[in-house]
Amino acid sequence: MGKMRAAVLIGPGKMEIQERDLPEVLPNEVLVNVKACGICSFERRLYTGDKKIGYPVVPGHEASGIVAEVGAAVRRPIKIGTRVALDLLNRCGECEYCRTGRGNLCKYMYKGNTNLLGGFGQYVSVPSEQVFEIDDSVSFEEAALTEPISCAIHSLREAKAQFTDAMLVYGAGPMGMLHVIVGKAMGLEVGVVDPDPVRREKAIELGARFAAWSDLDVELNQAVKEGFGIAPDIVIVTAPAVQAALSAIAVAGNNSRVVLFGMFPKGAAMPIDLNKIHYSEIQVMGSSSRTPHDFHLAVEAMSAGIVDARPMVSKVVALDDIHGALSETPSAEVMRVIVSLD
């Protein structure tokens with residue numbers, strides 16, 4: 001059996017580069033030679049031990065690569081050598097959420113005998129439905145960002161975003177920036193709220209009409225009024241701060257849709273003016289992960305050149321340098337660090 005190299009997490013802060021056997025390819029699976037994999041906040045939480053799904057584990061869920069082998073029962077005409085993006089957050093396919101198209105809410109994610117992640121290994125074998133062909137114009141580094149782009153698409157679909165809607169994004173980190181990119185691609189008018197001047201400038205470069213910061217809702221409302229001329233139709237909260245969520249509801253207008261996208265501290269709660277929600281018909285909703293449909297839309301948008309992920313690739317590191325990349329606290333200038341497994 002052939003061998004491969006993989007970054008294996010054996011405990012909090014303990015990552016080893018190991019030589020492993022190539023994965024077994026089941027009849028309904030596709031073996032992919034991974035070329036690039038993004039480092040997400042999810043992988044950082046796994047690395048620190050804040051998130052645990054069992055050890056040892058090969059992390060990495062934002063991956064792209066080349067098809068190396070196709071299982072005998074795969075009916076799709078997918079050929080060896082095809083360039084693909086991978087959906088590596090496996091769902092059970094059996095619970096009521098998976099069976100009704102809401103696999104992002106799978107009851108048994110990370111449980112049972114499903115494959116787990118694997119993007120920090122040179123090869124991974126996954127069910128064929130988790131393999132998505134990408135256009136030759138999209139680099140492997142960009143294609144690795146299909147997963148977070150699909151999360152932003154899911155968020156905007158939850159908000160029922162429509163052409164020319166005004167969208168205010170709280171937080172100009174990687175996911176906030178992806179909301180800016182996807183929102184602009186959908187024809188939205190976009191504004192950003194963030195305390196960091198470097199990220200505010202970056203948001204403007206990526207197409208935001210304005211980028212503001214104020215702890216005072218009066219000043220923020222003025223910035224929104226000057227930027228949009230109206231209250232935002234959509235408010236996306238990617239910043240993991242209760243104050244951001246409170247401000248988002250305060251700045252919302254009649255029939256605004258407020259999406260809580262970022263993960264908040266455990267047990268976080270906030271006092272809300274329920275009458276404002278009632279009388280203004282404000283819709284407050286959560287958005288978590290993405291569905292296969294969202295992933296498909298992300299691949300199509302990137303392959304067609306509608307969504308450009310190139311500005312999000314801040315740094316590319318080798319597999320041998322992954323320990324340092326995971327230990328490093330990202331600066332304001334860093335959007336996504338990509339691990340090259342080529």
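Here the structure is shown first, and the text comes after it.
Note that this is a predicted model, so its numbers are computed, not measured.

A. Here's a closer look at the packing of aromatic side chains. Applying the stated criterion across every chain, the model contains two aromatic pairs. On the numbers, 4.6 Å between centres and 40° between planes, the contact of phenylalanine 132 with phenylalanine 295 is tilted. Of this pair, phenylalanine 132 sits in strand E7 (residues 131-133) while phenylalanine 295 sits in helix H9 (residues 292-303); the two residues are 163 residues apart in sequence, bridging distant segments of the chain. Residue classification places phenylalanine 295 among the buried residues on the basis of a relative accessible area of 0%. Both rings, one in phenylalanine 210 and one in phenylalanine 228, keep their centres 5.0 Å apart while their planes meet at 70°; by these two values the pair is edge-to-face. With a gap of 18 residues between them, phenylalanine 210 in strand E10 (residues 210-212) and phenylalanine 228 in helix H6 (residues 217-228) connect regions that are remote in the sequence. The buried category is assigned to phenylalanine 210, whose relative accessible area is 11%. Overall, the relative accessible area of 12% leaves phenylalanine 228 in the buried class.

B. Region of interest: the sheet that holds E10. Strand order in the open sheet formed by six strands is E10-E9-E8-E11-E12-E13, with parallel pairing between adjacent strands. Every interior strand has two partners, whereas the edge strands, E10 and strand E13 (283-286), have only one. If you compare each strand with its neighbour and ignore which way they point, the axes differ by 20° on average. Strand direction decides the pairing type here: strand E9 (residues 189-193) and E10, joined by three bridges, are parallel. Counterpart to glycine 191 in the pairing with E10 is phenylalanine 210. Set on the sheet, H6 makes contact with strand E8 (166-170), E9 and E10; between it and E10 the angle comes to about 180°.

Procedures and definitions
- Residues numbered from 1 in each chain as written.
- Predicted model: local features only at pLDDT ≥ 70, side-chain atom pairs only at ≥ 80, totals over all residues.
- Heavy atoms only, no water.
- Phe/Tyr/Trp six-rings, centres within 6.5 Å; stacked < 30°, edge-to-face > 60°.
- Helix = DSSP H or I, 4+ residues; strand = E, 2+ residues; numbered from the N terminus.
- Buried < 20%, exposed > 50% of the residue type's maximum accessible area, 1.4 Å probe, protein only.
- Pairing = 2+ DSSP bridges.
- Axes fitted to C-alpha atoms, helices over the stretch in contact; angles between N-to-C directions.
- Contact = heavy atoms within 4.5 Å.

Honestly, it's all geometry; don't read function into it.
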